[in-house]
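The chain contents come next:
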Amino acid sequence: MTTTRWLFTACLLCLALHGSGASASTVSWTEMPNWATPPSLGTRPTVADLNGDGRPDLMVAGYWHGFRNDGGCSGPFWSLADEWCVGLPILVATCPELCDLDDDGDADILVGGWYGEVLFYENTGTPQSPVWMRNDAYFYHQWSNSRAPGSADLDGDGDLDIVSGSTNPVALLVHWNDGTPASPIWREDTTFFSDIPLSWLGHSTDPNFADLDEDGDLDLVTAPNWPAIMHAFENAGPGSNPMWVPNDDLLMGVERPERPYGAALRDLNCDGRADLIVSGRFAGSSVSETRCYRNDGPVTAVESVTWGRVKALFR
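Residues numbered from 1 in each chain as written. Predicted model: local features only at pLDDT ≥ 70, side-chain atom pairs only at ≥ 80, totals over all residues. Heavy atoms only, no water.

Undergrad: What should I look at first to understand the overall build of the chain in this one?
TA: When its secondary structure is counted, the chain shows three helices and 21 strands. Put simply, the chain has 315 residues, and 54% of those count as buried. Restricting the contact set of the chain to residue pairs at least 6 apart, pairs at least 24 apart contribute 51%. Accessible area of the chain: about 13,000 Å², with a carbon and sulfur share of 53%. (Helix = DSSP H or I, 4+ residues; strand = E, 2+ residues; numbered from the N terminus. Buried < 20%, exposed > 50% of the residue type's maximum accessible area, 1.4 Å probe, protein only. Contact = heavy atoms within 4.5 Å. Areas by Shrake-Rupley, 256 points an atom, 1.4 Å probe, with all protein chains shown as cover.)

Take a look at the structure:
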């Protein structure tokens, strides 16, 4: 989609929302300094339960570090657990994504790198003690360069699809799983995010998905390496036919870093809402740091507006 057409589309949506009495969603966030990790201990955060205690743990790359979550529902308390990183690759510009791709009850990991690779490391250990084994037969992809993988069930078929940001060309590439978690069949798609202008994506965009406005579908938070900043995109389309509408009010209260180095969305305090971990260089700082934000929920009413409805209003 060209930039001109995209801007026209966004204007139509705004007019449709105004005319229907609906409003774009706003989500409120509160910074939680006590939830943060020590500064300068890696970038590109990714979150999953790695020791089977029901609490989300944390891994960061650059230099691999694991952080065990010893906290409770008041929020995380992190302890170093670098034993979880044994066997993971040291790539140029390492970008990880923890996710249970094969749906066997433990977290696997996707690892992107500067030379365009996205590697799959299967967890062959247990839900309490991960052991990583590279498995190219399950998933391997080489394309473009500076890859940053994410995952979500974008089509609602019960298995995870893979989304990866890239550089040269700047893109968000989807690998749909048309098979099953145990026996995947991957299909490439470069058009699913074509509503989003490339200038908003930036390079090596780390894609993160969660239902931020609590309207029943997945929204998107992007954390590009450069030159763009973090952005949020509200899903204003029906089901597996989304329309990604820029809406940074989904991040109200979040200080977005001048140079992002990845983000993660995961419930950190047991309230059912995805909280935010973001890594990067913030204004006034020359070093990278990791900050955590509690998701306090939507503060405006949500009314579903589909692209079909917008077209009907302006036909």
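Let us keep going from here.
Undergrad: Any chance you could explain the nonpolar core here in plain terms?
TA: For soluble globular proteins, nonpolar side chains are generally found buried alongside one another. Grouped together as the largest cluster of nonpolar side chains are 18 residues, with contacts concentrated most on W29, L212, L251, L265 and L276. Counting only elements with at least two residues in this core, the list comes to β1 (27-31), β16 (219-223), β19 (259-266) and β20 (275-281). (Core = buried A, V, L, I, M, F, W, Y, C linked by side-chain atoms within 4.5 Å.)

Undergrad: What should I look at first to understand the state of the cysteines in this one?
TA: Among covalent bonds in proteins, the disulfide is the one between the sulfur atoms of two cysteines. In total, this model carries one disulfide according to the counting rule given. The residue that forms a disulfide with C73 is C270, at a sulfur-sulfur distance of 2.1 Å. Measuring the twist about the S-S bond at about -90°, one finds the C73-C270 disulfide to be left-handed. Of this pair, C73 sits in the loop between β4 (65-69) and β5 (78-80) while C270 sits in the loop between β19 and β20, placing them 197 residues apart in sequence. Given the relative accessible area of 49%, C270 is considered partly exposed. (Disulfide = S-S within 2.5 Å.)

Undergrad: I'm lost on the sheet that holds strand β18 (residues 244-246) in this one. Help?
TA: By way of backbone hydrogen bonds, the strands of a sheet pair with one another, either parallel or antiparallel. One open sheet accounts for four strands, arranged β15-β16-β17-β18; its pairing is antiparallel. Taken across any chain shown, the strands that pair with only one partner, and hence form the sheet edges, are β15 (206-210) and β18. Each strand of the sheet is rotated relative to its neighbour by a mean of 30°, with strand direction disregarded. (Pairing = 2+ DSSP bridges. Axes fitted to C-alpha atoms, helices over the stretch in contact; angles between N-to-C directions.)

Undergrad: Looking at this structure, I do not really get the packing of aromatic side chains. What am I missing?
TA: Counted by the stated rule, this structure contains 10 aromatic pairs. With centroids separated by 6.2 Å and ring planes inclined at 70°, the aromatic side chains of Y138 and W186 adopt a geometry described as edge-to-face. On the criterion of sequence distance, the pair formed by Y138 in the loop between β9 (132-134) and β10 (140-142) and W186 in strand β14 (residues 186-189) is long-range, its members being 48 residues apart. Through a chain of ring-to-ring contacts, three or more aromatic side chains come together here, namely W176, F192, F193, F209 and W244. Positioned above the aromatic ring of F282 is the side chain of R291, whose terminal nitrogen or guanidinium carbon lies 3.8 Å from the ring centre. (Phe/Tyr/Trp six-rings, centres within 6.5 Å; stacked < 30°, edge-to-face > 60°. Lys NZ or Arg CZ within 6 Å of the ring centre and 35° of its normal.)

Undergrad: Looking at this structure, how should I read the pattern of salt bridges?
TA: Close approach of charged atoms lets side chains of opposite charge pair. What the rule picks out here adds up to nine salt bridges. Across the pair R187 and D178 runs a salt bridge whose closest N-O atoms are separated by 2.6 Å. D178 sits in the partly exposed class, given a relative accessible area of 39%. A salt bridge links R273 to E214, with the shortest nitrogen-to-oxygen separation between them at 2.7 Å. Of the two residues, R273 sits in the loop between β19 and β20 while E214 sits in the loop between β15 and β16, which places them 59 residues apart along the sequence. Through salt bridges with shared partners, a single ionic network connects E255, E289 and R291. (Salt bridge = Lys/Arg side-chain N within 4 Å of Asp/Glu carboxyl O.)

Undergrad: Sorry if this is basic, but what is going on with the pairing of β19 here?
TA: Note on strand geometry: in a regular strand, side chains alternate between the two faces of the sheet. Burial runs high along β19: six of the eight residues are buried. Strand direction decides the pairing type here: β19 and β20, joined by six bridges, are antiparallel. Following the sheet pairing, R259 is matched in β20 by R281.

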